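Understanding the architecture of this molecule
So you can see what is in the structure, the chains are spelled out below.
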Amino acid sequence: MMLLSLNKIEKSFGSTRAVNDVSITVNQGEFFGLLGPSGCGKTTTLRMIAGLETPDAGSIEFEGRSITNLPAERRGFGMVFQNYALFPHLNVFENVAFGLRARHKSKAEMEQRVAGALELVQLPGYGKRRVDELSGGQQQRVAIARAIAIEPALLLFDEPLSNLDVSLREQTRGELRELVTRLGLTAVYVTHDQEEAFALCDRIAVMVGGKLMQTGQPRELYERPAEISVARFLGRNNFIKSMRLSSSNSSDGEFKTLEGDHTIKFEVNHDDLAPLNKPVVLAIRPEHVRLTAPDTSVTNSFKAQVRQVVFAGATSTVRVDANGLLLEALVLQPNGLQVGQECSVVLAPEHLRLLRNE
């Protein structure tokens, strides 16, 4: 069931359009991500959901009613900020109880809710501690406890793990996902970290330059990016500039690469096909590029020469040159591949994608 809806919202700061015609829906109980590079408009979008910014155009609805101009304090949303926004002069109990006091809850209810929230974030008995006595991870948990203590209708996160070190970030995001699921909350989570978004979110909206480029489940976005900008942002890709050869009546797409003069064949959606003799971009992930003994009898197999082998522990990156077409392959075992060695590079048809230009 749809809980939150953003309809063609826009926001500018001076002459800069921070958010441009963005429409998003978030379902009840969903962990929804806003993912994109710094300055793409994701935090501004979150602040408009929270009521900390007002859209210049468009509308925001929650549970079927407009909240576009509703003050933040009347929305009942909990928010966790990047810098935690804790009050240094208040102890842990008072920080967690802050929103409850603003809602004029009784002392008994405040004590019960604060104790419950601290228990949920694994900080029982920390109520009398000063926040400056806590580690970064503990402060982050206090900020989450403050947000959930008010029993929010919607939980908003603005890059809450970015200040933690890598190992603590990985541990905390697992705990955070488990907590939100266990409490049955709906969350909107802003991050620039693809791995974090994939680990936490049920669905993700990718934003670039203030625009919403694509929305989908993590695997869908990774394996089937619709835009070049999405493919560039979500991990490594081989981008192959090509020209279409096949007619629109053909069930198979056929392309000629501009570098290397190779023919590539794979099934395409003809609604997305560019006109004949117009450049297009094909994409394939390095993990879907195979390196074999020299053999050009396989579909999309080209003679190549190994240019570089980069060892990175569990995997290695092998860069090859196929008559001027430079490609990367991600392999578990280099199997004795050496610089200068001849091989065949195979592009699996089922993993090739035809990308739209921005």
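Values in this document were obtained by computation on a predicted structure and should not be read as measured data. (Residues numbered from 1 in each chain as written. Predicted model: local features only at pLDDT ≥ 70, side-chain atom pairs only at ≥ 80, totals over all residues. Heavy atoms only, no water.)

1. Here's the deal with helix 4 (residues 136–149)
Each turn of an α-helix holds 3.6 residues, which means side chains three or four residues apart point in the same direction. Taking 1.5 Å of rise per residue, the 14 residues of helix 4 would be expected to cover 20 Å, and the 20 Å separating its terminal C-alpha atoms lies within 8% of that figure. Most of helix 4 sits out of view: 11 of its 14 residues are buried. Among all positions of helix 4, only Gly-137, Gln-140, Arg-141, Val-142, Ala-143, Ile-144, Ala-145, Arg-146, Ala-147, Ile-148 and Ala-149 are buried. Along its buried surface, helix 4 packs onto strand 6 (77–80), helix 2 (92–102), helix 3 (107–120), strand 7 (154–158) and helix 5 (166–183). Two residues or fewer past helix 4, Glu-151 is found with a positive phi of approximately 55°. (Helix = DSSP H or I, 4+ residues; strand = E, 2+ residues; numbered from the N terminus. Expected span 1.5 Å × (residues − 1). Buried < 20%, exposed > 50% of the residue type's maximum accessible area, 1.4 Å probe, protein only. Contact = heavy atoms within 4.5 Å.)

2. A look at the sheet that holds strand 5 (residues 65–66)
Strand order in the open sheet formed by 4 strands is 2-1-4-5, with antiparallel pairing between adjacent strands. A strand with exactly one partner marks an edge of an open sheet, and here the two such strands are strand 2 (16–27) and strand 5. In terms of strand pairing, strand 4 (residues 57–62) meets strand 5 through 2 bridges, oriented antiparallel. Along strand 5, the bridge assignment pairs Glu-61 with Ser-66. Across the sheet, helix 1 (residues 42–50) is in contact with strand 1 (2–13), strand 2 and strand 4; its angle to strand 1 comes to roughly 120°. (Pairing = 2+ DSSP bridges. Axes fitted to C-alpha atoms, helices over the stretch in contact; angles between N-to-C directions.)

3. Let's talk about the packing of aromatic side chains
As enumerated under the stated definition, the model contains 7 aromatic pairs in all. Plain terms: the ring middles of Phe-31 and Phe-157 are 6.3 Å apart, the flat faces sit at 5° to each other, and that makes the pair stacked. Of the two residues, Phe-31 is situated in strand 3 (residues 31–35) and Phe-157 in strand 7; the sequence distance between them amounts to 126 residues. The pair Phe-31 / Phe-157 is uniform in exposure class, with both members buried. Through pairs of rings, three or more aromatic residues link up here, namely Phe-31, Phe-157 and Tyr-189. The ring of Tyr-126 carries Arg-129 above its face, with NZ or CZ at 4.3 Å from the centroid. Residue placement shows Arg-232 over the ring face of Phe-239; its charged tip is 5.7 Å from the ring centre. (Phe/Tyr/Trp six-rings, centres within 6.5 Å; stacked < 30°, edge-to-face > 60°. Lys NZ or Arg CZ within 6 Å of the ring centre and 35° of its normal.)

Functional significance is not addressed by these values, which are geometric in nature.
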